[in-house]
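# Observations on the model geometry
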Amino acid sequence: LTSNEYENSALIDGHRLELSTDATITEVGTIDNKIDKIAIYSNETNVIENYLINYEIGTLTVHKRPITIVTDSSSKIYDGTSMTNLDFWLKEESLPLVEGHTAKVVKNSSVTEAGTVQNVLEIRIYDLENNDVTHNYDISYQYGDLSVTQLDIKIETSSEVKMYDGEPLKSEKW
């Protein structure tokens, strides 16, 4: 972000103001828009010494880019193994990433036991040189769920029959 815009409504007719600023900002933050060079010309003669200049230095501000990341949901029946889902996307209404930037999962949730947890993914955003530029984004998340349902098993004991003989009837068949 750069700005060389200025107001010069108080100059005498025929005089022209030339100024430049060297302030630039790319990352999130705010800096003063300092004047680098200034001159007031009448034809080709610099007449700045005839003016009492009151400076009001502006600022250049870059705000974080708001994005919303949606994580996917998954479910399975309990099998004793861990389940993860690394799928995510930008919400349709969200701003896109800056051109050349990519989002990568650096930490994720998992679930093994029966139950449900949020699919919390930690996302980092990198530029073309693989620099982490996540700090330039205001990331909000909409988490999906990871669900493991109980494994439905049926245990059936056997049925045994005998004539009374005074001994206990027992069966370990199932």
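The preceding data block contains the structure.
Described in the following lines is the structure provided in the data block. Predicted model, so just to flag it, every value in this text is computed and none were measured.

Below, the discussion takes up the side chain of His101. Counting through the fold element by element, His101 comes out in the loop between strand S8 (88-90) and strand S9 (102-108). A distance of 2.7 Å separates polar atoms of two side chains, one belonging to His101 and the other to Tyr137. Discounting chain neighbours no more than four positions away, the residues touching His101 are Ile125, Tyr126, Asp127, Val133 and Tyr137.

So, about the environment of Tyr55. Position of Tyr55 relative to the elements: it lies in the loop between strand S4 (45-46) and strand S5 (59-62). A sequence separation of 102 residues divides Tyr55 from Thr157, and the C-alpha atoms of the two residues are 93 Å apart.

Under the defined criterion, the tally for this structure stands at 1 aromatic pair. Summarising the aromatic geometry, the rings of Tyr141 and Tyr143 are spaced 5.4 Å apart at their centres and angled 10 degrees between planes, so their arrangement reads as stacked. Residue Tyr141 is classed as partly exposed on the basis of its relative accessible area of 26%. Above the plane of the ring of Tyr126 lies Lys104, whose end atom (NZ or CZ) is 5.0 Å from the centre.

Take the nonpolar core next. Counting 7 residues, the largest nonpolar core consists of Ile67, Ile69, Leu121, Ile123, Ile125, Val133 and Tyr137. Contributions of two or more residues to this core are made by strand S6 (65-71) and strand S11 (121-126). By residue number, the principal contributor to this core is S11, which donates 3 residues.

Moving on to the sheet that holds strand S3 (residues 35-42). Here we have 3 strands laid out as an open sheet, ordered S1-S3-S4, and antiparallel in their pairing. A single partner strand is all that each edge strand has here, and the edge strands are strand S1 (15-21) and S4.

An order of S8-S6-S12 is seen for the 3 strands of this open sheet, with the pairing classed as mixed. What marks the edges here is a single partner per strand, and that holds for S8 and strand S12 (137-142). When the angles between neighbouring strand axes are averaged without regard to direction, this sheet yields 30 degrees. Pairing of S6 with S12, which is carried by 6 bridges, proceeds in the parallel orientation.

Of all 7 residues making up S6, 5 are buried, and the element is well covered by its neighbours. In terms of strand pairing, S6 meets S8 through 3 bridges, oriented antiparallel. Paired with Val70 across the two strands is Trp89, which belongs to S8.

Attention now goes to a nonpolar patch on the surface. A contiguous nonpolar surface patch, about 720 Å² in accessible area, is contributed by Ile77, Tyr78, Leu151, Ile153, Ile155 and Trp174. Looking at the secondary structure, you find Trp174 in the segment after strand S13 (145-149).

Considering the arrangement of structural elements, one finds Arg65 in strand S6. Residue Arg65 is classed as partly exposed on the basis of its relative accessible area of 26%. With 67 residues separating them in the primary sequence, Arg65 and Asp132 have C-alpha atoms 14 Å apart.

About the thresholds
- Residues numbered from 1 in each chain as written.
- Predicted model: local features only at pLDDT ≥ 70, side-chain atom pairs only at ≥ 80, totals over all residues.
- Heavy atoms only, no water.
- Helix = DSSP H or I, 4+ residues; strand = E, 2+ residues; numbered from the N terminus.
- Polar contact = N/O pair within 3.5 Å; in protein donor to acceptor, adjacent residues only side chain to side chain.
- Contact = heavy atoms within 4.5 Å.
- Phe/Tyr/Trp six-rings, centres within 6.5 Å; stacked < 30°, edge-to-face > 60°.
- Buried < 20%, exposed > 50% of the residue type's maximum accessible area, 1.4 Å probe, protein only.
- Lys NZ or Arg CZ within 6 Å of the ring centre and 35° of its normal.
- Core = buried A, V, L, I, M, F, W, Y, C linked by side-chain atoms within 4.5 Å.
- Pairing = 2+ DSSP bridges.
- Axes fitted to C-alpha atoms, helices over the stretch in contact; angles between N-to-C directions.
- Patch = residues over 30% accessible without salt bridge, like charges linked within 9 Å, V, L, I, M, F, W, Y side chains within 5 Å.
- Areas by Shrake-Rupley, 256 points an atom, 1.4 Å probe, with all protein chains shown as cover.
- Salt bridge = Lys/Arg side-chain N within 4 Å of Asp/Glu carboxyl O.

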